[in-house]
Amino acid sequence: MSVSSSGPLHAYLTGDGRDGRGRCAGDVLLLPDETLEELHDYIQWLFPLATRSAAQPNAPVLTKAEIDAIKADPRAVATLQRAAERMLQFYSRTGWWLTGQDHNHLRITRIIRSLRLLVGPDAAQAFHQDILSLHDSAGAPVNPRSLQFWAEAAHD
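Residues numbered from 1 in each chain as written. Predicted model: local features only at pLDDT ≥ 70, side-chain atom pairs only at ≥ 80, totals over all residues. Heavy atoms only, no water.

Considerations on helix α8 (residues 103-118)
Every α-helix winds through 3.6 residues per turn, so residues three or four apart in the chain are directed the same way.
Part 1 of the argument: If you check α8, its first and last C-alpha atoms are 23 Å apart, about what 16 residues at 1.5 Å a residue would give, namely 22 Å.
Part 2 of the argument: Of all the residues in α8, the buried ones are Asn104, His105, Arg107, Ile108, Thr109, Arg110, Ile111, Ile112, Ser114, Leu115 and Leu118.
Part 3 of the argument: A positive phi of about 135° marks Gly120, the residue just after α8. (Helix = DSSP H or I, 4+ residues; strand = E, 2+ residues; numbered from the N terminus. Expected span 1.5 Å × (residues − 1). Buried < 20%, exposed > 50% of the residue type's maximum accessible area, 1.4 Å probe, protein only.)

Some points on empty space enclosed by the protein
Part 1 of the argument: Applying the stated rule across the entire model yields one cavity of 30 Å³ or more.
Part 2 of the argument: Of the voids in this model, the largest cavity is the one considered here, and its volume is about 30 Å³.
Part 3 of the argument: Considered class by class, the residues forming the lining of the largest cavity number four nonpolar, three polar and one charged. (1 Å grid on protein atoms, 1.4 Å probe; cavity = no way out; pocket = protein on both sides within 12 Å on 5 of 7 lines; lining within 4 Å. Points joined across faces, edges and corners; volume = space filled by probe spheres on them. Nonpolar A, V, L, I, M, F, W, Y, C, P; charged D, E, K, R; others polar.)

Thoughts on the pattern of salt bridges
Part 1 of the argument: The full count for this structure, using the stated rule, is eight salt bridges.
Part 2 of the argument: In this structure, the salt-bridge partner of Arg93 is Asp33, at a minimum N-O distance of 2.9 Å. In this pair, Arg93 sits in helix α7 (residues 74-93) while Asp33 sits in helix α4 (residues 33-38), placing the two residues 60 residues apart along the sequence.
Part 3 of the argument: When salt bridges that share partners are traced, they join Asp19, Arg21, Arg23 and Asp41 into one network. (Salt bridge = Lys/Arg side-chain N within 4 Å of Asp/Glu carboxyl O.)

See the structure below:
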């Protein structure tokens, strides 16, 4: 399948496309932690889903054809894996998300769902377990509802 027929998210994850602000995935993965916290429009591109984002309604949404293309493309899968590693570094080095309520809780749910959909259940469950370890080490401050969303995303 050609990049042009697979869609913008596939192209972005292969390194052949750019997001709505002209950034390539590799550049986003190099952003400092503070910038990742401040920006709110990259997570939908790095971890796409087949449902519209309430936070970024103009972000593209995966189609069935694009899901199939991403799953079959080693470059796209590798970008998703690097993105998961980068976000885990972000969550390991920052503590502001370790509270009862935080917008990062929604990001974590998206990451887990996207990994499950596009990389597979093992990747989703591994990310989930790593996040839970950070949560537990911090004294378990995250609200039960967010924890439930994460568990459902990892095991749907």
